[in-house]
Amino acid sequence: MYLTFSVRFFNLIVFILLTNTFLKSNNFIQSNFKWSVSHSISINELLTDLNSKIEQQNQMIKIRKERLSELKENLFSKDQEKSQQKTQQSQISLNVKYIRSFEDKLNSYQFLLTQVNQLSFLPNIEILSELKRIKNLVEKVDKDKINYSQLLKKHENQKFAESAKNYLFKNDCILEKSMDGKVLANQFVPFFAYTPSDIAKHYSEEDYMQAYVRLMRSGKKHFLELRLDFNSLKAIQYYGIIEETSPMKLIFLDQDFIYLENSVTARPDVQTKTGKTIYKMQCHLTKSDLKKITKKDLDKLIILWPTGPEIYQLFDLHTIQNLAQCLKAKN
């Protein structure tokens with residue numbers, strides 16, 4: 001009887017210890033989950049705030065530029081007296097000053113937006129400190145205590161680039177050959193997605209545009225090919241035809257950049273069955289371009305459409321790096 005009681009007592013103690021261990025472990029998991037969720041909420045709040053500030057700066061720049069254009073037209077009017085011309089010149093100078101100030105803030109907010117977008121590449125333990133650092137910088141920009149050039153010099157964070165390096169998707173290194181074997185290319189991989197805020201409510205389940213990219217090699221020449229899939233048959237009405245030599249600008253995290261030129265006129269493929277409008281652009285890469293895209297992490301892409309430029313934020317820093325390394329490895 002004593003032995004039976006001892007065994008039962010021992011089993012009870014083991015059960016209690018195991019239960020406590022499980023509860024502590026579960027509490028840790030829950031707290032870690034809550035911590036991660038709170039990070040996501042904070043990041044989203046900061047992204048919303050920065051996007052709002054960027055939109056506000058763009059609006060103020062637009063208003064000031066319109067006013068500047070009016071002032072310049074009036075300045076050369078025959079009916080203007082000398083005293084009025086001096087006033088106009090003073091107002092022109094003031095508007096130019098305002099525009100420069102707004103553009104500096106715009107660049108600063110975009111720079112910080114890039115850093116927020118890359119927080120997901122960092123370990124959880126570093127995210128909180130980076131959030132605080134970026135929020136503090138946003139407040140300084142708001143109060144004109146720091147400008148864009150100062151941000152570039154003192155607050156460029158190399159953690160993001162280091163965290164993103166050597167990350168390779170499984171399908172990044174799949175290559176295709178032309179029938180004659182002279183052209184070697186990656187398969188297209190996702191590059192970025194884009195939905196304008198004014199039509200976002202109509203695209204809750206999919207993005208308005210999904211971009212794909214690949215690299216090609218023909219002999220000693222290299223090309224970057226971009227495919228843009230618009231989930232709308234009306235895209236051609238807005239974007240039109242992309243002419244040969246239409247420029248693009250690929251900007252890196254360190255603010256270096258390369259200019260790309262469309263090699264052929266891009267006439268969209270309007271697919272009535274799928275409801276898509278697809279553009280393809282092919283750009284020649286110089287040796288200098290190839291060197292940069294192999295070593296540097298991406299930030300933004302600017303495409304000059306017939307209707308004007310559009311800026312696309314790139315979240316996958318490594319995409320073109322990996323494609324270039326894959327193509328090089330198959331030499």
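Reading the values: rules and limits
Residues numbered from 1 in each chain as written. Predicted model: local features only at pLDDT ≥ 70, side-chain atom pairs only at ≥ 80, totals over all residues. Heavy atoms only, no water. Helix = DSSP H or I, 4+ residues; strand = E, 2+ residues; numbered from the N terminus. Buried < 20%, exposed > 50% of the residue type's maximum accessible area, 1.4 Å probe, protein only. Contact = heavy atoms within 4.5 Å. Areas by Shrake-Rupley, 256 points an atom, 1.4 Å probe, with all protein chains shown as cover. Pairing = 2+ DSSP bridges. Axes fitted to C-alpha atoms, helices over the stretch in contact; angles between N-to-C directions. Core = buried A, V, L, I, M, F, W, Y, C linked by side-chain atoms within 4.5 Å. Salt bridge = Lys/Arg side-chain N within 4 Å of Asp/Glu carboxyl O. Patch = residues over 30% accessible without salt bridge, like charges linked within 9 Å, V, L, I, M, F, W, Y side chains within 5 Å. Lys, Arg positive; Asp, Glu negative; His and termini not counted. Charge placed at Lys NZ, Arg CZ, Asp CG, Glu CD. Phe/Tyr/Trp six-rings, centres within 6.5 Å; stacked < 30°, edge-to-face > 60°. pLDDT = per-residue confidence, 0-100.

**Considering the overall build of the protein**
Thought 1: Assigned secondary structure in the protein consists of 8 helices and 11 strands.
Thought 2: Relative to its 331 residues, the protein shows a buried fraction of 37%.
Thought 3: Put simply, 66% of the contacts in the protein that link residues at least 6 apart link residues at least 24 apart.
Thought 4: Looking at the protein as shown, the accessible area adds up to about 20,600 Å², and 54% of this sits on carbon and sulfur atoms.

**Describing the sheet that holds strand E10 (residues 298–305)**
Thought 1: An order of E7-E6-E10-E11 is seen for the 4 strands of this open sheet, with the pairing classed as antiparallel. Whereas interior strands pair on both sides, the edge strands pair on one side only; in this sheet they are strand E7 (257–261) and strand E11 (308–313). Across the sheet, the axes of successive neighbouring strands diverge by a mean angle of 20 degrees, strand direction being ignored.
Thought 2: For E10 and E11, the ladder comprises 6 bridges, and the chain directions are antiparallel. By the bridge assignment, Ile 303 is partnered in E11 with Glu 310.
Thought 3: Lying over the sheet, helix H7 (residues 287–295) contacts strand E6 (247–252) and E7, oriented at roughly 125 degrees with respect to E7.

**Considering the pairing of E7**
Thought 1: Burial along E7 is one-sided: the residues Ile 258 and Leu 260 are buried and none of Phe 257, Tyr 259 and Glu 261 is.
Thought 2: Looking at chain direction, E6 and E7 are connected through 5 bridges and run antiparallel. By the bridge assignment, Leu 250 is partnered in E7 with Ile 258.
Thought 3: The antiparallel hairpin formed by E6 and E7 contains 4 residues in its connecting segment, where Gln 255 sits at a positive phi of about 75 degrees.

**Here we look at the nonpolar core**
Thought 1: If you look at the biggest cluster of nonpolar residues, it comprises 38 residues, and the most contacted ones within it are Phe 191, Leu 226, Leu 228 and Leu 250.
Thought 2: When neighbours within four sequence positions are excluded, Phe 191 is seen to be in contact with Gln 210, Ala 211, Tyr 212, Val 213, Leu 226, Leu 298, Leu 301, Leu 314, Thr 319 and Ile 320.
Thought 3: Leu 46, Leu 50, Val 116 and Ile 146 belong to the second largest nonpolar core, which has 23 residues in total.

**Here's the deal with the pattern of salt bridges**
Thought 1: All told, the structure shown has 12 salt bridges when counted by the stated rule.
Thought 2: In this structure, the salt-bridge partner of Asp 142 is Lys 53, at a minimum N-O distance of 3.2 Å. Remark: Lys 53 occurs in helix H1 (residues 2–75) and Asp 142 occurs in helix H3 (residues 124–142); sequence separation between them is 89 residues.
Thought 3: Given the relative accessible area of 29%, Asp 142 is considered partly exposed.
Thought 4: Here Arg 67 and Glu 70 are joined by a salt bridge, their closest N and O atoms 3.4 Å apart. You can see Arg 67 and its partner Glu 70 sitting in helix H1, 3 residues apart, about one turn around the helix.
Thought 5: Judged by its relative accessible area of 34%, Arg 67 is partly exposed.
Thought 6: Judged by its relative accessible area of 43%, Glu 70 falls in the partly exposed class.

**What about the pairing of strand E9 (residues 276–285)?**
Thought 1: One ladder, built from 9 bridges, connects strand E5 (residues 221–230) with E9; its direction is antiparallel. Paired with Arg 227 across the strands is Lys 280, a residue of E9.
Thought 2: Two strands pair when backbone bridges link them, and strand E8 (residues 269–271) and E9 are joined in this way by 3 bridges, in the antiparallel orientation. Among the inter-strand pairings, Gln 271 is bridged to a residue of E9, identified as Lys 276.
Thought 3: Connecting the antiparallel pair E8 and E9 is a turn made up of 4 residues, with Gly 275 showing a positive phi of about 80 degrees.

**Details of a positive patch on the surface**
Thought 1: Taken together, Lys 140, Lys 143, Lys 145, Lys 153 and Lys 154 make up a surface patch of like positive charges.
Thought 2: By the secondary structure assignment, Lys 153 is in helix H4 (residues 148–154).

**Focus: the environment of Ala 324**
Thought 1: Looking at the secondary structure, you find Ala 324 in helix H8 (residues 319–329).
Thought 2: The spacing of Ala 324 and Lys 291 is 33 residues in sequence and 9.3 Å in space, taken between C-alpha atoms.

**Quick word on a nonpolar patch on the surface**
Thought 1: A cluster of nonpolar side chains, contributed by Leu 233, Ile 236 and Val 270, occupies part of the molecular surface with about 200 Å² of accessible area.
Thought 2: You can see Val 270 is positioned in strand E8.

**So, the packing of aromatic side chains**
Thought 1: Taken as a whole and judged by the stated rule, the model has 14 aromatic pairs.
Thought 2: An angle of 25 degrees between the planes, with centres 4.9 Å apart, marks the rings of Phe 192 and Tyr 312 as stacked. Note that Phe 192 is positioned in strand E3 (residues 189–194) and Tyr 312 in strand E11, a separation of 120 residues in sequence. An identical accessibility class is assigned to Phe 192 and Tyr 312; each is buried.
Thought 3: Between Tyr 208 and Phe 230 the ring centres are 5.4 Å apart and the planes differ by 70 degrees, which places this aromatic pair in the edge-to-face class. Of the two residues, Tyr 208 sits in the loop between E3 and strand E4 (209–218) while Phe 230 sits in strand E5, which places them 22 residues apart along the sequence.

**Thoughts on the confidence of the model for the protein**
Thought 1: On average, residues of the protein score 78 in pLDDT, and 78% of them reach the 70 mark or higher.
Thought 2: Throughout residues 14–19 the model reports pLDDT below 50, and contacts reaching past four residues in sequence, or to other chains, amount to 0 contacts.

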